[in-house]
Amino acid sequence: MIRIVLLGPPGSGKGTQASALGRRRSIPHIASGDLLRANVREGTELGRRARPYMDRGELVPDELILDMMSERLSQPDAQEGYVLDGFPRTVAQAEALDARLREIGRELDAVVYLRVPEEEIQRRLAGRRTCAACYAVYHVDTMPSEKEDVCDKCSGDLIRRDDEAPEVIHTRLEVYEEQTRPLLDFYRRQELLREIDGTIGVDNVVREIERLVGAAHAAAQEQKA
Ligand code: AMP
């Protein structure tokens, strides 16, 4: 079983790849953004507190995220592995995740960084549509739904998320540069970071992640033996 983190700027395809990888490996795909949006929709206290930050494209404060993730990661389906998407997003969050893993005597198998050029990111985010019901992600040019604005999986409405308005996208990219990019060095120092070209197509990216993660996993097992 594997524990992996997918890292990359908004629009790098983390969600799509993480979901495909989770299915192939039969491990949960845990996306902090999806968990937050579910809380917003259900009108929970967390959702109410997180929403203003999300609407502005800023990060939700670490303590709210850490409580939410700690609860999610302690659920039975997450005990034998997971793909994390959107978490950690700050060095403090990465340190908290490390501390949690140390406590239970586990470690991450790999942190996969999806590299995508800035103009490609802008194009992807502008055309992105998300299912309001099941959160499946589409793109009007590269991954359209069969019927316009209708989810292939659950027939829900496809919408443009509030935080995909151009000015909010700008903030999210800035926040990524300032607060999340430092994680690359954090994980490079731990020799966990693996880089992948995020523009080679979903199937190729998933195959490449599997290859890298498989290799990292085998190396970790060897070290233990
Ligand atoms: P995402 O779907 O991953 O792009 O997340 C959408 C929004 O949720 C982000 O712009 C943040 O406001 C918030 N968010 C998601 N994950 C985190 C996190 N790990 N730390 C702080 N804020 C987060």
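Bear in mind the structure is a predicted one, so any value in this text is a computation, not a measurement.

Criteria and thresholds
Residues numbered from 1 in each chain as written. Predicted model: local features only at pLDDT ≥ 70, side-chain atom pairs only at ≥ 80, totals over all residues. Heavy atoms only, no water. 1 Å grid on protein atoms, 1.4 Å probe; cavity = no way out; pocket = protein on both sides within 12 Å on 5 of 7 lines; lining within 4 Å. Points joined across faces, edges and corners; volume = space filled by probe spheres on them. Nonpolar A, V, L, I, M, F, W, Y, C, P; charged D, E, K, R; others polar. Buried < 20%, exposed > 50% of the residue type's maximum accessible area, 1.4 Å probe, protein only. Helix = DSSP H or I, 4+ residues; strand = E, 2+ residues; numbered from the N terminus. Pairing = 2+ DSSP bridges. Contact = heavy atoms within 4.5 Å. Near = heavy atom within 4 Å. Polar contact = N/O pair within 3.5 Å; in protein donor to acceptor, adjacent residues only side chain to side chain. Expected span 1.5 Å × (residues − 1). Arc of directions from axis to C-beta. Salt bridge = Lys/Arg side-chain N within 4 Å of Asp/Glu carboxyl O.

1. Some details on empty space enclosed by the protein
- Using the criterion set out here, one finds one cavity of 30 Å³ or more in the structure.
- There is about 50 Å³ of room inside the largest cavity.
- Surrounding the largest cavity, Arg3, Leu73, Ala78, Gln79, Tyr82, Arg100, Leu101 and Ile104 form its lining.
- Looking at the lining of the largest cavity residue by residue, the classes come out as five nonpolar, one polar and two charged.

2. Digging into the pairing of strand S4 (residues 110–115)
- Counting buried positions along S4 gives five out of six residues, so the element sits mostly inside the fold.
- Inspection of the sheet shows strand S1 (residues 3–7) paired to S4 by four bridges, in the parallel sense. Within S4, the position partnered with Leu6 by the bridge is Val112.
- Sheet analysis places S4 next to strand S8 (residues 193–197), joined by five bridges and oriented parallel. If you follow Tyr113 over to S8, its bridge partner there is Glu195.

3. What about the pairing of strand S5 (residues 128–131)?
- Strand direction decides the pairing type here: S5 and strand S6 (residues 137–139), joined by three bridges, are antiparallel. Looking at S6, one finds that Arg128 is bridged to His139.
- Between the antiparallel neighbours S5 and S6 lie five residues, among them Tyr135 with a positive phi of about 70°.
- Bridging between S5 and strand S7 (residues 158–159) involves two bridges; their strand directions are antiparallel. Within the sheet, the bridge partner assigned to Cys131 lies in S7 and is Leu158.

4. As for the environment of Val150
- By the secondary structure assignment, Val150 is in the loop between S6 and S7.
- On a C-alpha basis, the gap between Val150 and Arg129 in space is 9.9 Å, while along the polypeptide they are 21 residues apart.
- Those residues within four positions of Val150 in sequence are excluded, and the remaining contacts are Ser145, Ser155, Gly156 and Leu158.

5. Description of the site of the ligand
- The full set close to the ligand counts 16 residues, and Ser32, Arg37, Glu58, Gly86 and Gln93 are the nearest of them.
- A distance of 2.9 Å separates a nitrogen atom of the ligand from a polar atom in the side chain of Gln93.
- Within the side chain of Arg161, an N or O atom sits 3.4 Å from an oxygen atom of the ligand.
- Broken down by element, the shell around the ligand gets its largest block of residues, four residues, from helix H2 (residues 32–42).
- Classifying every residue of the shell around the ligand by side-chain character gives six nonpolar, four polar and six charged.

6. Concerning helix H4 (residues 62–73)
- In this model, H4 (twelve residues) spans 16 Å end to end at C-alpha, consistent with the 16 Å of a helix rising 1.5 Å per residue.
- Among the residues of H4, those classed as buried are Leu64, Ile65, Met68, Met69, Arg72 and Leu73. In a view along the axis of H4, the buried residues occupy a sector of 150°, so they form one face of it. Opposite its buried face, H4 presents the exposed residues Glu63, Asp67 and Glu71, each directed more than 90 degrees away.
- In this fold, the buried residues of H4 make contact with strand S2 (29–31), H2, helix H3 (45–56), strand S3 (82–85) and helix H5 (91–103).

7. Re the side chain of Thr90
- Along the polypeptide, Thr90 turns up in the loop between S3 and H5.
- Accessibility expressed as a relative area gives 9% for Thr90, which makes it buried.
- One polar contact links the side chain of Thr90 to the main-chain amide nitrogen of Gln93, over a distance of 3.0 Å.
- Apart from residues lying up to four places away in sequence, Thr90 is in contact with Leu59, Asp62, Gln179 and Leu183.

8. Topic: the pattern of salt bridges
- Scanning all chains against the criterion turns up 19 salt bridges.
- In this structure, Arg128 and Glu164 form a salt bridge, with 2.8 Å as the shortest nitrogen-oxygen distance. Placement of Arg128 in strand S5 and of Glu164 in the loop between S7 and helix H7 (166–180) is noted, with a sequence separation of 36 residues between them. In terms of burial, Arg128 and Glu164 fall into one category: buried.
- Arg161 is paired through a salt bridge with Glu164; the nearest N and O atoms lie 3.8 Å apart. Neither residue differs from the other here; Arg161 and Glu164 are each classed as buried.

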